[in-house]
Amino acid sequence: MTTTKPIQSALISVFSKDGLEPIVRKLHDLKVTIYSTGGTEDFIRNLGIPVVPVEEVTEYPSILGGRVKTLHPKIFGGILNRQDNASDSAQMTEYQIPQIDLVIVDLYPFEKTVASGASEIDSIEKIDIGGISLIRAAAKNFNDTVIVPSMNEYALFLEMITQGNGSTSLAQRKFLASRAFHVSSHYDTAIFNYFNQDSTIFKLSSDQGQALRYGENPHQKGFFFGNFEAMFTKLHGKELSYNNLLDIDAAVNLILEFKDNDPTFAILKHNNACGLATRSTLKAAYLDALAGDPTSAFGGVLIANKRIDEATAQEINQLFCEVVIAPAFDVEALTILQEKKNRIILQQHDIELPQQNIRTCLNGILIQDRNTITDTKEGLTYVTTLQPNDQEIADLIFASKICKNTKSNTIVLAKNGQLVASGTGQTSRVDALRQAIEKAHAFGFDLKGAVMASDAFFPFPDCVEIAHQAGITAVIQPGGSIKDDLSIAYCNENNVAMVFTGTRHFKH
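Residues numbered from 1 in each chain as written. Predicted model: local features only at pLDDT ≥ 70, side-chain atom pairs only at ≥ 80, totals over all residues. Heavy atoms only, no water.

### A short note on the pairing of strand E13 (residues 300–304)
Burial within E13 is extensive, with five of its five residues counted as buried. Judged by which residues are buried, E13 turns out to be covered on both faces: Gly300, Leu302 and Ala304 on one side and Val301 and Ile303 on the other are all buried. In this structure, strand E11 (residues 264–269) lies alongside E13, joined through four bridges in antiparallel fashion. What sits directly across from phenylalanine 265, in E13, is alanine 304. In this structure, E13 lies alongside strand E14 (residues 321–326), joined through four bridges in parallel fashion. Directly across from glycine 300, in E14, lies its bridge partner cysteine 321. Once you follow E13 into helix H14 (residues 310–316) and on to E14, the crossover reads as right-handed. (Buried < 20%, exposed > 50% of the residue type's maximum accessible area, 1.4 Å probe, protein only. Helix = DSSP H or I, 4+ residues; strand = E, 2+ residues; numbered from the N terminus. Pairing = 2+ DSSP bridges. Right-handed = clockwise from strand over helix to strand, strands pointing away.)

Given below as structure tokens:
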């Protein structure tokens, strides 16, 4: 038996009519009988094309304010019957059920309605019942029935029937069925998440996926699922890689801590800041960020919290960097930065980030709330006899923001609104501190008067002792160790100011 089937009848019930007219006209040219109801029926009739109301088939009116229109055995029998099954064929004849070869649906826009801030009543009214049932029925019977499950498939379907002169292959019907079950499962996931209040149940669906050149390494496949265009306008450069996206994510989260600060520039490498500074001008902020570690800055990701001007762009252009991100660019600055054809330039939009972090773990996933706590002056507890002065407090908060966004174990050293050095991703907090001190000295920084931030408490006083000997005069840490008194005592004996935040900032 042939698997290519001609379309002789169609049921069309859609929310969006955009792009529907060419399909309707093509079906009419192919002498296809068209069934429809409601607004779609009116749309087809206004095109001057014959259409049979569903009510004529069901002999039942649309009821309950349009909530029940197509939910009827004569409709679903026409869709679900197996054409090679003698019993099905006999019942089709017995109950006078018309064959339906094609179903075209576009569901009520539930997600858009919820996103618009609509009331619960309005949102619930946009939960499609008949449409989702039609999609599942036609997709299940893909051997005999064609399903077009959303407006996103209109163009593809029109191409299919144009090339096939009104007929479709089994492979085409099966492909459209897969699209249909994607549409239905995505739709149901959105509805479930709207109602769900049980945090132990997790469902996620994305219809915005794109293949990347490769994953973290060339032998790994990589994909990104999300609406990148909602966050950025890509102004220039090569295709984004898996590693680019990870670095961009880290950069966006870091610069968010400085969103309302004076001009601030950060340079990141492998998800960690290697340079960051806040200054009166963006050019000065960039130059001092670069001075923090000009070696690691090579090939890094750059991000600013203010519009990049021409003077800043001229300095940036002297560095090889993968990505430059800012909320805006002066025309002259953009022209300069575009001189490197592969350099990725992104204009960042002001949108809210997801409120959860999700990652795979073992044979499952881990989910946690985003770390939305930023340490502030008002939240500090002064635990030493000597209290930090105003500049030290500003530097402590500055260092803490960087520390929060750096891989644990981490120690961050800062001075006068500049990242001096950091120890990142170490198995020992002492090792992280020694790494930071060595790095600061390697790039010519004087640590006298600098401050130290730690992402977690000090279990022993060794870190404050090493920091003091290097010239550190103030320390910020969460506190909470059973041996906090030992660190406090050392600071008091050596005139080091220390404050507690009460908040740990592990980042793994």
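### Remarks on the nonpolar core
Ile12, Leu27, Ile75, Ile79, Leu102, Ile104 and Phe157 are the most contacted members of the largest nonpolar core, which totals 49 residues. A per-element tally of this core places helix H10 (residues 170–195) first, with seven residues. Here isoleucine 79 is in contact with Leu11, Ile100, Val103, Leu134, Ala137, Ala138, Asn141 and Thr145, once residues within four sequence places are set aside. Core analysis: the second largest hydrophobic core is formed by 40 residues, Leu240, Phe398, Ala414 and Leu419 among them. (Core = buried A, V, L, I, M, F, W, Y, C linked by side-chain atoms within 4.5 Å. Contact = heavy atoms within 4.5 Å.)

### Description of the packing of helix H18 (residues 462–470) against helix H19 (residues 484–493)
Close contact between H18 and H19 brings their axes to 9 Å; oriented N to C, the two are set at 20°. Considered as vectors, H18 and H19 are oriented roughly parallel to each other. Judged by the sense of rotation from one axis to the other, the crossing of H18 with H19 is right-handed. Residues Val464, Glu465, His468 and Gln469 of H18 lie in contact with H19, whose contacting residues are Ser487, Tyr490 and Cys491. Grouping the constituent residues of the contact of H18 with H19 by class yields three nonpolar, three polar and one charged. (Axes fitted to C-alpha atoms, helices over the stretch in contact; angles between N-to-C directions. Parallel < 35°, antiparallel > 145°, perpendicular 65-115°, else oblique. Left-handed = near helix turned anticlockwise from the far one by under 90°. Nonpolar A, V, L, I, M, F, W, Y, C, P; charged D, E, K, R; others polar.)

Coordinates in, geometry out; function isn't part of it.
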